[in-house]
Amino acid sequence: YAEVYERLERALLPSLLRPDDRVGEIGSAIGCVGIVCARIVGIDRLLMVEANADLIPEIQRNFRLNGLGEPRLLCGLAAAGGAGSVDFRIAEQFWSSSTYERGATVRVDRVEQLDT
């Protein structure tokens, strides 16, 4: 609501992206950066990956509320050569969720590793 979430990232994107670029966003959170990317390159040139399954409906909702339609969105953990699944620690504050214990874990989900 204060419009400060990922402010720097959102401010830089218009000067970094061109309409013919393709964007892969790893760790999409609630979709703020993805929305800016989609407005620049188009929704069909954006692929989003988010490991926290709780955030998937939030991302989809935010895209709809911004008139962008349904994003291409994968639920999993991006990993070079990844196969199988891994523990992902969900934190109360979503930005603290991680494969590493950081002292804020409320639950551990088993997520698929997606070969990037």
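Residues numbered from 1 in each chain as written. Predicted model: local features only at pLDDT ≥ 70, side-chain atom pairs only at ≥ 80, totals over all residues. Heavy atoms only, no water.

**Brief notes about the overall build of the protein chain**
Note the following rule: Helix and strand labels come from DSSP, where a helix needs a run of H or I of at least four residues and a strand needs a run of E of at least two; each type is numbered from the N terminus. The size measure is the radius of gyration over C-alpha atoms, and the globule rule it meets is 2.2 Å times the number of residues to the 0.38 power. When accessible area is computed with a 1.4 Å probe and restricted to protein chains, residues below 20% of their type maximum are described as buried, those above 50% as exposed, and intermediate ones as partly exposed. Any two residues whose heavy atoms approach within 4.5 Å are treated as being in contact.
Counting its secondary structure elements, the protein chain contains three helices and six strands. What you see in the protein chain, going N to C, is helices and strands ordered as α-β-α-β-α-β-β-β-β. For 116 residues, the compact-globule estimate of 2.2 N^0.38 gives 13 Å, and the protein chain sits close to it at 15 Å. Judged by the C-alpha coordinates and their principal axes, the protein chain covers about 35 × 35 × 25 Å. Per-residue burial for the protein chain yields a buried fraction of 36% across its 116 residues. Considering only intrachain contacts with a sequence separation of at least 6, the fraction spanning at least 24 residues in the protein chain is 53%.

**Quick look at the nonpolar core**
Note the following rule: The criterion is simple. A nonpolar core is a set of buried Ala, Val, Leu, Ile, Met, Phe, Trp, Tyr and Cys residues joined through side-chain atoms within 4.5 Å.
Core analysis: the biggest nonpolar cluster contains 16 residues, and L13, L17, V23, C37, L46, M48 and F63 have the highest contact counts within it. Going through the elements one at a time, α2 (32-41), β2 (46-50) and α3 (56-65) are the ones with two or more residues in this core. Here this core gets six residues from one element, more than from any other, and that element is α2. Sequence-distant contacts of M48, that is, excluding residues within four places in its chain, are made with E25, S28, G31, G34, I59, F63, P71, R72, L73 and L74. Core analysis: the second largest hydrophobic core is formed by five residues, L77, F88, I90 and V111 among them.

**Some thoughts on the sheet that holds strand β6 (residues 105-115)**
Applicable threshold: Strand pairing is defined by DSSP finding a minimum of two bridges between the two strands. Orientation is described by axes fitted as lines to C-alpha atoms, over the contacting stretch for helices, and by angles from 0 to 180 degrees between their N-to-C directions.
Pairing within the open sheet is mixed, and its three strands lie in the order β4-β6-β5. Sheet topology places β4 (77-79) and β5 (85-91) at the edges, where each strand pairs with a single neighbour. Taken over all neighbouring pairs, the strand axes of this sheet differ in orientation by 40° on average, direction set aside. Here β5 runs beside β6; their pairing, made up of seven bridges, is antiparallel. Counted as the bridge partner of A91 is T105 from β6.

**Some points on the pattern of salt bridges**
Any two side chains of opposite charge can pair, so long as their charged atoms come close to each other. Which entries qualify depends on this criterion: What makes a salt bridge here is a side-chain nitrogen of Lys or Arg within 4 Å of a carboxyl oxygen of Asp or Glu, nothing more.
A complete count under the given rule lists eight salt bridges for this structure. A salt bridge links R18 to D20; its shortest N-O distance comes to 3.4 Å. Sharing partners across several salt bridges, the network here consists of R18, D20 and D21.

**What to know about α2**
Within α2, seven of the ten residues are buried, leaving the element largely enclosed by the surrounding structure. If you check which residues of α2 are buried, you get V33, G34, I35, V36, C37, A38 and V41. In this structure, the buried side of α2 is in contact with α1 (7-16), β1 (23-26), β2 and α3. Trailing α2 by a residue or two, G42 shows a phi angle of about 95°, which is positive.

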